[in-house]
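Listed here are the chains, written in short residue letters.
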Amino acid sequence: PLTADHLKLVAADEASAVLVLADSAACSDASDSQVVRVLVLLDEGEAAARQEGRQRPKPGHVVAEVLSADAMPLLRFMPTKAVLPMPSHRVNACRLARLVTRPVVSHLTDQLWDFENSCAIYMHSFPQLAGHTIGDVSLRFADGIVLGVLEGSTGFVLVNPPAAYTLNEDEQVILLRPTNVTQVSFK
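One structure accompanies this document, and this report is about it.

Criteria and thresholds
Residues numbered from 1 in each chain as written. Predicted model: local features only at pLDDT ≥ 70, side-chain atom pairs only at ≥ 80, totals over all residues. Heavy atoms only, no water. Helix = DSSP H or I, 4+ residues; strand = E, 2+ residues; numbered from the N terminus. Buried < 20%, exposed > 50% of the residue type's maximum accessible area, 1.4 Å probe, protein only. Pairing = 2+ DSSP bridges. Polar contact = N/O pair within 3.5 Å; in protein donor to acceptor, adjacent residues only side chain to side chain. Contact = heavy atoms within 4.5 Å. Axes fitted to C-alpha atoms, helices over the stretch in contact; angles between N-to-C directions. Phe/Tyr/Trp six-rings, centres within 6.5 Å; stacked < 30°, edge-to-face > 60°. Lys NZ or Arg CZ within 6 Å of the ring centre and 35° of its normal.

1. Side note on the overall build of the chain
- In terms of helices and strands, the chain carries six helices and seven strands.
- The buried share of the chain, reckoned over its 187 residues, is 33%.

Next up, the structure:
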């Protein structure tokens, strides 16, 4: 979607999460500029809703796929939503390298990304856990496995943090948890 009407058509302003995929048919620079344009449109829609006083759900996560490293700095400075940039060239290269050395990785990632699986990866905000260490936090979830932390101020993802890592109030915990439990009831 490259216009505000297209975003309204897919109800992007009401979504709990938005995934902006790159156009693999275009060159990487053109595709990345389209991704940035969609993110700017999302920001403009949110600003317009605030000015009009419209009630909107709490903004969800925005994951943006980029094809080149050139767009990464731009994505970190999107004003209203926390954009999680996903450099697909790096992700794919890392995955292929792991497949060569460890073929089981393919099976594991297929299971993680399969929508029919009974568990998935989620990011949760737990302000009440600020000041606790990851070692303590990982023992609090009977049905979840702590995979990492999303730093709120920088958007940096720390995978498998050390047990002594202390959570801040603006950080989100990345969990592998059952899909049959709503985000609100998972504590």
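Next comes the rest of the account.
2. Quick word on the pairing of strand β2 (residues 61–66)
- Sheet topology note: the strand β1 (residues 17–20)/β2 ladder contains four bridges and is parallel. Pairing of valine 20 across the sheet is with alanine 64, part of β2.
- Two strands pair when backbone bridges link them, and β2 and strand β3 (residues 83–87) are joined in this way by five bridges, in the parallel orientation. Bridge assignment links alanine 64 to a residue of β3, and that residue is proline 85.

3. Things to note about the side chain of glutamate 171
- Here glutamate 171 lies in the loop between β6 (157–159) and β7 (172–178).
- Engagement of the side chain of glutamate 171 in a polar contact is seen with the side chain of tyrosine 165, the distance being 2.5 Å.
- Those residues in contact with glutamate 171 that lie beyond four places of it in its chain are Ser125, Val149, Leu150, Glu151, Gly152, Tyr165 and Thr166.

4. Things to note about the sheet that holds β7
- Across the sheet, which stays open at both edges, the four strands sit in the order β4-β7-β5-β6 with antiparallel pairing between neighbours. Of all strands in the sheet, those with a lone pairing partner are β4 (119–125) and β6, marking the two edges. With direction set aside, neighbouring strand axes in the sheet form an average angle of 30°.
- Sheet topology places β4 next to β7; seven bridges connect them, and they run antiparallel.

5. Some remarks on the sheet that holds β1
- Here we have three strands laid out as an open sheet, ordered β1-β2-β3, and parallel in their pairing. One side of each edge strand has no neighbouring strand; the edge strands of this open sheet are β1 and β3. Averaged over all pairs of adjacent strands, the angle between their axes in this sheet comes to 15°, without regard to strand direction.
- The strands touched by helix α2 (residues 28–52) within the sheet are β1, β2 and β3, with β2 carrying the most contacts at an inclination of about 165°.

6. Re the packing of aromatic side chains
- For the coordinates displayed, the defined rule picks out one aromatic pair.
- Judged by centre distance (5.3 Å) and plane angle (40°), the rings of phenylalanine 126 and phenylalanine 141 are tilted. One end of the pair, phenylalanine 126, is in the loop between β4 and α6 (134–137); the other, phenylalanine 141, is in the loop between α6 and β5 (145–150), with 15 residues separating them in the sequence.
- You can call phenylalanine 126 buried: its relative accessible area is 7%.
- Given a relative accessible area of 6%, phenylalanine 141 falls into the buried group.
- Lying over the aromatic face of tyrosine 122, arginine 177 brings its terminal NZ or CZ to 3.7 Å of the ring centre.

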